[in-house]
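In case you want the letters, here they are:
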Amino acid sequence: MPANIRESEALLPALESLRDVISRHGLDARKALGQHFLLDPDITARIAALAGKLEGRHVVEVGPGPGGLTRALLATPAASVTAVELDTRAVGIITELAAHFPGRLSVVEADALTQDLTTLCPAPRHIVANLPYNVATPLLIGWLRQGNAWERLTLMFQLEVAERICAAPDSPHYGRLGVLAQWCAQCAIVMKLPPGAFTPPPAVWSAVASIIPHATQPEPALFKAMERVTAAAFGQRRKMLRGSLKSLKGEQLLAETGIDGTRRAETLSVAEFDCLAKAHLALSRAS
Ligand SMILES: C[S@@+](CC[C@H](N)C(=O)[O-])C[C@H]1O[C@@H](n2cnc3c(N)ncnc32)[C@H](O)[C@@H]1O
């Protein structure tokens, strides 16, 4: 395995600069596609390193754009990289890049929101991506739903979203996304980047979150129950639980779990939400 960033770069064949590739393919950044590119190879190599051991792993990269992070991933010992991209111009760039890495890089032109990424490569699978910010949250929730399929996710979000994913109870960013993510995975912010690290720069800071699914994952019906409970509890977060959970037979749920109905959603631990989701599922199966 390469010992450092310079050694990793040395593993790549001589490639055209990303700026030249962008201009040759007319890949001017489009806001609607959340396009903020990473062109600094030191930064992309650091992100690839944050993904941990990639030897023998199959990596899915969502939104390769001009391919900076893709190149960094190819400089690791990953068994394969599958890039999923919506923008035809970027698909053209990655198709060209794939010619330099026969059998190791493939590109799929698709919307990652509707494509089941688990069908694209065998396990053990990782996702590594600088995500399009406009669809990052629904993408993450979809991948959490398939927790068993992923060994690890290393994902760039807007800093505020990464903070919500990793927030502790009773802290300002704690909410539905943090409960769902931490219920399914170990989550941590492992890198922060200022707007100037991207071309063009976004309006806000960004952060990479490392998301490692727990060994045991909720079954689909329990995941749905947790989605319903957290939507109700945080949908009216200023309300006490006995009010916000009313539509889910809240009184019964609270009695069964022993959780005080005068508490508010943001004070509950992930373990307490787990109890509520299990009680809700049991109640809905019984009725
Ligand atoms: C933030 S840019 C990252 C580009 C590149 N990985 C980089 O770091 O320079 C997000 C990328 O996701 C692509 N994208 C946007 N929406 C998508 C979707 N629904 N499915 C797949 N790719 C998408 C964009 O075209 C763009 O290339």
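Here the structure is a predicted model, which is why all the values come from computation and not from measurement.

Caption draft 1: Quick peek at the sheet that holds strand β4 (residues 125-130). Within the open sheet, the seven strands sit side by side as β3-β2-β1-β4-β5-β7-β6. Their pairing is mixed. Lying at the two open borders of the sheet, with one neighbouring strand each, are β3 (105-109) and β6 (185-193). Taking each pair of neighbouring strands and ignoring which way they run, the sheet shows an average axis angle of 20 degrees. By the bridge criterion, five bridges tie strand β2 (residues 80-85) to β3 in an arrangement that is parallel. Looking at the pairing, V84 lines up with V108 of β3. Along the sheet, helix α5 (residues 88-98) contacts β2 and β3; its crossing angle with β3, the most-contacted strand, is approximately 160 degrees. Along the sheet, helix α6 (residues 136-145) makes contact with β1 (58-62), β4, β5 (152-158) and β7 (206-213), crossing β5 at roughly 165 degrees.

Caption draft 2: Broad picture of the pattern of salt bridges. Under the defined criterion, the tally for this structure stands at eleven salt bridges. Among the salt bridges present, the one from E151 reaches R57, with a minimum N-O distance of 2.7 Å. Taken together, the residues span a long stretch of sequence, with E151 in the loop between α6 and β5 and R57 in the loop between α3 (41-50) and β1 at a distance of 94 residues. Its relative accessible area of 18% is what places R57 among the buried residues. Here D87 ties to R89 by a salt bridge, and the two come within 2.6 Å at their closest N and O atoms.

Here is what the cut-offs are and how they apply
Residues numbered from 1 in each chain as written. Predicted model: local features only at pLDDT ≥ 70, side-chain atom pairs only at ≥ 80, totals over all residues. Heavy atoms only, no water. Pairing = 2+ DSSP bridges. Helix = DSSP H or I, 4+ residues; strand = E, 2+ residues; numbered from the N terminus. Axes fitted to C-alpha atoms, helices over the stretch in contact; angles between N-to-C directions. Contact = heavy atoms within 4.5 Å. Salt bridge = Lys/Arg side-chain N within 4 Å of Asp/Glu carboxyl O. Buried < 20%, exposed > 50% of the residue type's maximum accessible area, 1.4 Å probe, protein only.

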